[in-house]
Structures are given as structure tokens and as C-alpha cells.
Amino acid sequence: MLRRGRAKPSPQGGLAPLTAVAGALLAVLIGLVFLMLVWAIRDAHSSLLTARSGRPALDQAGVVEKTVLDVEGGQETYLFTRQGQFLASWQAARAAFPAQAQRLVDVSTSPAQRQLAQQIRQGGQTFIDDYSVPLVHAARSGAPAASGVARTLQGERRVDMLRDQFARYVAAERAAIGRRENALEGRMHMLTVAASVGVGGAVLLIVGYGAYVTRVVVWPVRRMAGFATRLAAGDLSARVPLSGRREIGQLETAFNTMAGSLEKSHRRLRLLYDAGTAVGTTLDVRRTADELVRVAVPRFADHVTVDLQAAVLTGGELVAADGAVLRRVARGGVRDESPLAPVGALVAPPAPPPSPTPPAPAGNGTRAALLADLRAAPEGWALDRPQTERLLAYGMASLITAPLSAQGVLMGVIAFWRTRDSPPFEEDDLSDAEELAAKSAHAIDNARRYTRERETALALQRSLLPHGLPERPTVDFAYRYLPTGTSAGVGGDWLDVIPLSGTRVALVVGDVVGHGIHASATMGRLRTAVRTLADVDLPPDELLTHLDDLVIHLDDGGAEPTGEVGSTCLYAVYDPVSRRCALASAGHPLPFVITPEGAVEPAPGQAGPPLGLGGLPFETTELDLAQGTTLALFSNGLVHSRSLDMNQGLERLRRALATPGESLEAVCDRVVATLRTGEPADDVTLLLARTHALPADRVATWEVPADPEHVARARTLATGQLDAWRLDELSFTTELVVSELVTNAIRYGAAPIRLRLIRDTAMLICEVSDGSSTAPHLRRARVFDEGGRGLLLVAQLTQRWGTRQTSAGKTIWCEQALPTADASGPPGGS
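Since this is a predicted model, take the numbers as computed values, not measurements.

Novice: Run through the pattern of salt bridges, naming residues and quoting values.
Specialist: Per the counting criterion, the structure on display carries 20 salt bridges. Among the ionic pairs, Asp445 bridges to Arg448, the shortest N-O distance being 2.8 Å. Taken together, the residues Asp445 and Arg448, both in helix 10 (residues 428–464) and three residues apart, mark about one turn of the helix. Under the relative-accessibility criterion, Asp445 is labelled buried at 8%. Residue classification places Arg448 among the buried residues on the basis of a relative accessible area of 1%. A salt bridge links Glu767 to Arg756; its shortest N-O distance comes to 2.7 Å. Here Glu767 is found in strand 19 (residues 763–770), whereas its partner Arg756 is found in strand 18 (residues 753–759), with eleven residues between them in sequence.

Below, the structure is given as C-alpha cells:
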């Protein structure tokens with residue numbers, strides 16, 4: 001980088017040639033010192049090896065001498081004791097001597113020593129062969145001369161000769177070792193002197209070179225490093241005083257220029273980084289706009305306003321509306337009071353006049369516009385003169401407006417204002433405004449899309465869920481449904497109460513995996529399927545089996561799975577006549593049973609596999625419920641979350657339900673308040689059903705023999721019971737219905753045949769059961785047919801009719817509406 005205002009120094013006076021020459025000279029001198037030290041070390045190493053070479057010879061001489069003494073000692077001991085075990089050491093020493101003596105010859109360090117070692121080898125071998133071995137043989141044979149004085153003296157003389165040779169060998173070797181050690185000591189002294197001189201010289205050279213480099217380079221660089229450290233620590237105002245010394249001066253100028261650029265770039269990058277991390281943290285349009293205002297004020301602008309189309313706030317589709325009135329959703333500034341329109345007001349966005357040159361397309365399709373001086377062209381940005389005067393009087397001095405666009409359609413406008421207390425906007429600030437607008441537009445559009453999808457999913461789910469539970473005299477209901485508030489979208493939980501034949505009621509709670517529109521649509525499909533299967537009046541386990549099979553085949557031929565696999569469902573049927581409840585679960589938590597006294601226990605039984613696995617059976621559990629027993633059906637979202645373990649949640653729910661005497665609505669409120677203290681992470685479903693028994697005087701049952709003669713008796717019994725209930729208006733129709741159903745049961749069914757009349761608060765129910773599982777079907781008889789009109793007649797005379805399978809056969813039932821005056825009144829006596 002060129003220095004400003006200074007001529008470039010000549011190469012002869014630069015730091016690079018001087019540093020190169022000094023470094024080269026230092027390298028040559030240090031190399032010479034190094035070579036001298038290497039030579040001295042190698043010479044000392046050679047002398048040390050020479051000095052150490054005599055030690056093995058001395059050691060081996062001692063070994064050979066000990067072997068000779070072992071030979072002498074072994075033979076002398078044997079001569080005195082005449083015991084053979086003392087010859088073992090003698091034989092070992094005699095056998096080892098030749099090799100040890102040869103080893104002594106090999107390790108000798110000089111020809112004279114080698115010659116003396118050969119004499120020792122010959123003398124020792126002669127002593128063993130000519131003296132020791134014959135002496136031992138003679139002693140073994142018992143010769144008296146073997147232990148004579150003459151032989152003993154002869155052996156001592158030979159041993160003494162050998163010892164003299166050993167003494168001369170050791171003395172000569174020690175003298176040689178001493179001479180070599182003295183020579184080594186002299187060389188080491190010389191090496192020490194040479195090393196000291198070399199190291200001292202090298203140290204002086206290094207010190208001199210270091211002083212030069214320190215004065216010329218290190219001190220200026222250290223000073224610059226201090227300023228760089230301040231700059232890296234965040235002090236963007238750090239600048240280096242110029243010294244003007246060669247390249248260091250150029251570096252100082254370049255550093256100050258870089259620091260100035262870095263200060264400006266750091267402010268811009270920090271602003272954009274904070275915008276990327278702080279804007280769009282939620283999927284809420286208003287909060288996203290507020291986050292943008294907090295990021296831009298006061299680092300980029302003194303005041304910021306965000307105006308959006310009304311459709312953006314509600315998640316609606318964007319429409320091209322140039323010049324349309326927008327709604328202000330966020331406003332902020334360095335001071336709270338300002339003449340800018342408040343949040344919620346309908347405003348017309350500021351529209352600066354176009355620049356002389358056409359704007360280039362930006363990332364969102366348009367460019368920001370700048371008015372550096374608002375006083376110069378007030379008509380281009382203000383709507384009326386009073387508003388203009390208020391803004392100028394307040395101190396507004398410059399303005400940048402940036403459009404918020406998505407899919408090529410304008411969503412709104414961001415206005416950045418600066419007052420006279422701050423420097424006016426420049427052309428370079430336009431790119432920052434465009435980046436802020438692009439990031440904010442993306443976040444706002446995401447929030448708008450999420451709002452639209454959530455509202456769509458909620459609307460779909462509300463349309464698919466029951467708008468109100470049917471009123472049944474035998475069961476009291478209360479329920480709560482809370483959709484999740486997380487960004488994942490609403491889930492697929494549902495609940496339902498389905499009236500069945502014979503005053504029975506089906507209770508359903510289900511949970512579809514996943515969230516969003518797909519989960520809501522899947523929930524609607526499963527709820528419709530359950531209602532359809534419930535109309536067939538299947539037992540709970542069979543209903544779940546059919547539902548499981550239906551889930552498996554729902555996506556046959558589909559492009560993408562909708563996520564039904566893994567969904568759960570609990571189906572329970574309560575019969576107020578027998579006070580029995582039959583339930584089965586497909587992977588759903590079993591309900592709690594609350595007795596009239598307030599005891600809470602989980603329902604017995606096991607939850608079966610989730611829906612969609614196929615091939616696995618479901619189990620029906622039968623419960624006998626006392627009058628006033630409450631069933632609590634719920635989904636996982638009520639008892640399980642990231643911070644709540646499933647077992648802990650079940651225990652908390654059990655304690656919350658244990659309050660006898662309260663209304664079901666109050667229990668629902670308390671349970672939800674206890675278990676859901678914040679925004680639910682999953683849909684929350686709770687259904688409470690308090691059961692009642694149908695009074696015995698409202699049910700009449702008779703056994704009918706399988707004989708056509710008893711049809712008349714069945715009609716008589718039915719009409720008599722209607723008289724007792726004061727339902728004479730229904731006698732004629734009921735008599736016909738009973739006659740047809742009983743006749744069909746006798747003719748086409750099997751024993752036992754049972755007739756039952758049930759009087760509900762709004763319906764009269766007639767049921768005929770038989771032991772055959774063959775279900776009848778409705779058909780139209782031809783003109784000349786004698787039969788085939790029974791069920792058609794029943795269907796025309798009654799409000800509803802149907803058939804259901806039982807464990808002992810089937811039941812055909814039909815319902816008639818009670819007279820209006822009687823439907824709400826108390827039943828008559830029987």
C-alpha cells in the first residue's frame with residue numbers, strides 16, 4: 001500500500017538490504033563456530049573411546065587370574081580331602097580357561113600387552129596340562145608323591161610365575177589407561193576453551209544483531225502491536241503516530257488507513273450480524289418488526305418505523321398495492337416522544353423522489369432511496385405541511401426508505417431517520433439499509449406464512465372437531481382442547497362423544513403424530529372413520545382393528561405419506577343399562593377411573609400397538625362402573641413434555657383428579673391449570689365423562705320362546721308396558737314393530753330370543769336379540785311377494801333402526817321419538 005504524501009524511499013536505504021547483510025554475516029560466523037565445536041567434539045569423543053578401551057582388558061585379566069586360582073584351589077582341596085565333589089570347580093575352571101585366556105588376548109590394547117597375554121595363556125595352559133591334571137590323576141590313583149612337598153612347591157612356583165605375569169599385565173594396562181586419560185583431559189580442556197570462545201563470540205554477534213533488529217524493527221513493531229491489540233479489543237479509534245522510518249513508516253500509514261476502514265466495516269458487519277441473529281427469532285410479525293427497530297436504533301438510525309400491509313398481519317396473501325395505505329406495526333427512537341405516527345395508525349409511507357440514475361435491482365427486487373437533506377426537498381417525503389414542519393422542528397435531517405418485498409410484492413416499508421445530532425446518511429449507508437430490509441423481509445414473510453398456515457390448520461381443526469358434545473341423560477361431559485403454541489403448528493389430537501343404540505355412548509380420544517395441516521387433515525379422516533365404524537356398532541377391539549386396517553391402506557397409491565402410522569386412539573363404550581364400560585386402546589394412555597368417593601385409579605388393561613402397524617391384536621377391557629363414576633380420557637400432551645416425565649405427569653394428573661363433589665367443568669379447569677402452566681408444546685386434550693345408570697323402571701326385558709304362537713304374547717307385553725309408561729300414542733307403531741322383529745327372529749334367527757324396551761328421555765327403543773349372527777338387510781318386495789316387507793315397514797315407522805353384533809348373536813333395534821309433552825316429563829310408574 002502506498003504512503004500518502006511521502007516519497008518512496010530508495011532501496012539502498014531500506015531495512016531489507018541492511019537486515020539481509022547483517023543476517024548473512026551472522027550466519028557465516030555462527031557456522032564457523034559451529035564447525036569448530038563439531039571438530040572438537042569429535043576429537044574428544046575419539047579420545048574418550050580410546051581411554052575406555054583398556055577397561056575390558058583389566059576386567060578380563062582379573063577373570064583369567066581368578067580361573068587359574070580356581071584350578072589351584074580345586075586341586076589343593078582335593079589333595080587334602082580326597083573327596084570327589086571338590087573336583088567339580090576344578091574341572092569347570094580347567095574347561096573355561098582356554099576361552100577366557102583367548103578373550104584376554106583379543107581385548108589387549110597394544111602389541112606388548114597382547115604378547116604378554118599370550119604368555120599368560122601359554123603359562124596357564126602349561127600349568128594345567130603339565131602340573132594340575134597329572135597331579136589330580138596321581139592323587140586319584142593313590143600315589144604318595146601326589147601330596148609330597150616337592151610337588152606342592154613346584155605348583156606354587158608356577159602359580160607365582162603366573163601371578164607375576166598378571167601383575168605386569170595389569171600394571172602396564174593401568175599405565176596405558178592413565179596416559180590416555182591424561183590425554184583426554186587435555187583435549188577436554190582445549191575443547192572447553194574453544195567452546196567458550198566460540199559461544200562467547202556467537203553470543204556477542206547475536207546480541208549485536210538483536211540490538212540492531214530491536215532498535216530498527218522490534219520496538220516499532222511492538223508499538224504497532226500495542227495499537228493493533230487495542231484495535232482487536234474493540235478500540236476502533238486506535239491510530240499509530242507516524243515515525244517516518246523506512247518501511248516502518250509505510251506500515252504505520254497502512255495500519256492507520258486499515259484501522260479507519262475497519263472501524264467503518266466493523267460497525268456495518270456488527271449491525272448486520274446482530275440483525276441476522278436478533279431479527280426473526282420468533283414467528284410473530286409484530287415482534288419481528290420490533291426486533292428490527294431495536295437493532296437499528298441507535299447504531300444506524302435515530303428513529304425507525306416499520307409499516308406493513310394489513311394482510312401481512314393476518315397471514316393473508318400478498319397483493320400488489322403500490323401507494324396503498326399501510327399500518328404501522330413498530331416504531332422506536334433515541335427519544336420516546338417524536339412526531340412520527342404511533343403504532344397501529346394507518347400511514348402513507350414516505351416516498352422520496354427517484355434518483356437521477358435508475359436503481360439497480362437488489363436482493364428483494366428494489367433499492368433503498370436516500371434523502372441526505374430533508375430541508376432541501378420536503379415535498380418529496382412529507383404528506384402535508386404541518387407534518388413536515390413538525391418533523392423538521394423535531395430535528396429530522398436525513399431519511400432512507402427501504403421496501404420490504406416478498407415474491408416481488410411490496411409488503412411494507414422501513415423508514416430510517418437521522419436527526420441533526422447525528423451525521424447525515426451517505427450513499428454507503430444505502431447498502432446497509434438494503435441488507436437490513438432484505439433480512440427483515442425474509443423474517444416477516446416467514447412469520448406471515450407461519451401465521452397463515454397456523455390459522456389454516458386451526459380453522460381446519462376447529463371445523464373437524466366436534467362443535468359441542470351431545471347431551472346424554474346417562475352421561476355428563478366436560479372437555480378441554482388446547483392447541484399447541486409452538487412453531488411446529490397445531491397437532492392432530494381429537495376427542496368425540498358418539499351416541500350409540502340402546503342409550504349407549506362411545507367416548508373417543510385420539511392423537512395423530514406430527515403437526516400442521518397434514519396432522520389436522522389426518523385427524524379429520526380418522527375421526528370420520530371412527531364415527532363411521534361406530535355406526536356399525538362394533539365392539540372396541542374390532543373397531544380398532546378395522547381402523548388399523550384403514551390407516552394402513554389410507555396412503556395406497558399416494559405420492560407422500562400423511563403420517564397416520566404411529567397415531568393412537570382410545571375407544572370406550574358405556575352402557576347405562578348394565579353400567580358396564582368396554583374399552584380398547586391403540587397405543588393411547590388408558591383413562592383414569594374416579595369413583596364417587598374421589599378415589600382415582602388407572603383403568604386396568606394394556607394399551608395395544610399404535611395404528612398403522614397391522615397384524616397385532618387389540619384387547620377389550622370390561623369395567624363395572626358404579627353410579628356417579630367419572631372417566632378421565634386424555635392425550636399425551638397433558639402429561640408429557642420436555643420438562644415433565646410421563647410417569648410424573650400421570651401422577652400429577654391423578655392427584656389433580658382426586659377431588660370428589662366438584663363439577664366436571666371445575667375439575668377440567670383445575671387439571672389444565674395444574675399441569676399446563678405455560679404454552680403447551682403439544683396439543684392438550686381432556687375429556688371427563690360422569691356416568692349414570694338408567695333406572696330399572698325404564699327398562700323392560702322379556703324372553704320369547706322360538707315359536708310363532710308367542711308373537712301375539714310379545715305384542716301384548718309391549719303394549720302393556722307402554723300403558724304403564726303412559727305412552728299410549730306409540731302403542732300401535734310399537735305393536736307393529738315388535739310383531740315384525742320378533743317374527744323375523746323366530747323365523748330366521750336362533751334361540752334364545754329376547755325382547756327389550758328402553759325408555760330414554762327422548763326416545764323409545766325397541767330391541768330384539770337372538771342367537772344368530774346373520775345380519776338382516778333391507779330390500780324392497782315386489783308386488784306379488786308374500787314376504788320381504790318387514791324391515792322396510794320398520795324403517796318407515798321408526799326414526800332410526802339398525803343391527804349390532806354381540807358375543808351371543810345379534811340385536812336389531814329401532815328408535816321412536818317420544819311425544820313432546822312426555823319427553824321432558826318424569827316417567828310413569830310401571
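Novice: Any details on the packing of aromatic side chains? Residues and values, ideally.
Specialist: Taken as a whole and judged by the stated rule, the model has three aromatic pairs. Between the aromatic rings of Phe300 and Phe425, the centroid separation amounts to 5.4 Å while the plane-to-plane angle is 45°, which identifies the pairing as tilted. Placement of the pair is Phe300 in the loop between helix 7 (285–296) and strand 1 (303–308) and Phe425 in the loop between strand 6 (409–419) and helix 10, with a sequence separation of 125 residues. A residue is classified by how much of its surface remains accessible, and Phe300, at 4% relative accessible area, is buried. Of the residues examined, Phe425 reaches a relative accessible area of 2% and is grouped as buried. A centroid spacing of 5.8 Å and a plane angle of 25° characterise the contact between Phe592 and Phe634, whose relative ring orientation is stacked. Separated by 42 residues along the polypeptide, Phe592 in strand 12 (residues 592–594) and Phe634 in strand 15 (residues 630–634) bring together distant segments of the chain. Of the two residues, Phe592 and Phe634, both sit in the buried class.

Novice: Help me get a handle on unusual backbone geometry, residues and values and all.
Specialist: Cis peptide bonds are those with omega within 30 degrees of zero, and the linkage from Val297 to Pro298 qualifies with 0°. Looking at the secondary structure, you find Pro298 in the loop between helix 7 and strand 1. Cis rather than trans, the peptide bond between Ala751 and Pro752 has omega equal to 0°. Relative to the helices and strands, Pro752 resides in the loop between helix 17 (731–748) and strand 18.

Novice: Could you give an account of the side chain of Thr288, naming the residues involved and the relevant values?
Specialist: Counting through the fold element by element, Thr288 comes out in helix 7. Under the relative-accessibility criterion, Thr288 is labelled buried at 1%. Other than its neighbours up to four places away in sequence, Thr288 contacts Val279, Gly280, Thr282, Ala443, Ile444 and Ala447.

Conventions used here
Residues numbered from 1 in each chain as written. Predicted model: local features only at pLDDT ≥ 70, side-chain atom pairs only at ≥ 80, totals over all residues. Heavy atoms only, no water. Salt bridge = Lys/Arg side-chain N within 4 Å of Asp/Glu carboxyl O. Helix = DSSP H or I, 4+ residues; strand = E, 2+ residues; numbered from the N terminus. Buried < 20%, exposed > 50% of the residue type's maximum accessible area, 1.4 Å probe, protein only. Phe/Tyr/Trp six-rings, centres within 6.5 Å; stacked < 30°, edge-to-face > 60°. Contact = heavy atoms within 4.5 Å.

Purely spatial values, then, with no claim about function.
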